[in-house]
Amino acid sequence: QVQLVESGGGLVQAGDSLRLSCAASGRSFTAYTLGWFRQAPGKEREFVAAVGVSAKTYYSNAVKGRFTVSRDSVKDTMYLQMNSLKPEDTAVYYCVAGVVGGNPYAWSGAYNTWGQGTQVTVSS
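Residues numbered from 1 in each chain as written. Predicted model: local features only at pLDDT ≥ 70, side-chain atom pairs only at ≥ 80, totals over all residues. Heavy atoms only, no water.

Describing the sheet that holds strand β1 (residues 3-7)
And step 1. Pairing is antiparallel across the open sheet formed by four strands, whose spatial order is β1-β3-β8-β7. One side of each edge strand has no neighbouring strand; the edge strands of this open sheet are β1 and β7 (67-72). Across the sheet, the mean angle from the axis of one strand to that of its neighbour is 15°, orientation sign disregarded.
And step 2. Of the pairings in the sheet, the one linking β1 to strand β3 (residues 18-25) comprises five bridges and is antiparallel in character. By the bridge assignment, Leu4 is partnered in β3 with Ala24. (Pairing = 2+ DSSP bridges. Helix = DSSP H or I, 4+ residues; strand = E, 2+ residues; numbered from the N terminus. Axes fitted to C-alpha atoms, helices over the stretch in contact; angles between N-to-C directions.)

Laid out in structure tokens, this is it:
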């Protein structure tokens, strides 16, 4: 089973940029849809972005136009480039992988492998 490890989180100011990485180990994740979810304190977990096997991308309305998700199948790594960060982007960001099939990309139940999470804090 693939294992996922996120990195790149930190504390930044509003308007700054940050890039998260998600590295796979155990086996290649080239056959999986990959994505990012986030959870802020006191709030429900929410979908951020996903990239399919064919590299087609999906975004939530909250981050569309500011975030870019990508994958490098040679390095077995996924990235989330986050620009124009806002305080409301503050959350723990989780990397996910799964065979989504016909399920919605934004549904957390479509993913069976989760990373441990990385904290992103955006100060105003």
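What about the pattern of salt bridges?
And step 1. Counted by the stated rule, this structure contains three salt bridges.
And step 2. Residue Arg38 pairs with Glu46 through a salt bridge whose shortest N-O separation is 2.5 Å.
And step 3. Between Asp89 and Arg66 there is a salt bridge; the shortest N-O distance is 2.8 Å. Here Arg66 lies in the loop between β6 (57-59) and β7 and Asp89 lies in the loop between β8 (77-82) and β9 (91-98), a separation of 23 residues in the sequence.
And step 4. Taking the relative accessible area as the measure of exposure, Asp89 reaches 1% and is therefore buried.
And step 5. Because the salt bridges share partners, they merge into one network encompassing Arg38, Glu46, Arg66 and Asp89. (Salt bridge = Lys/Arg side-chain N within 4 Å of Asp/Glu carboxyl O. Buried < 20%, exposed > 50% of the residue type's maximum accessible area, 1.4 Å probe, protein only.)

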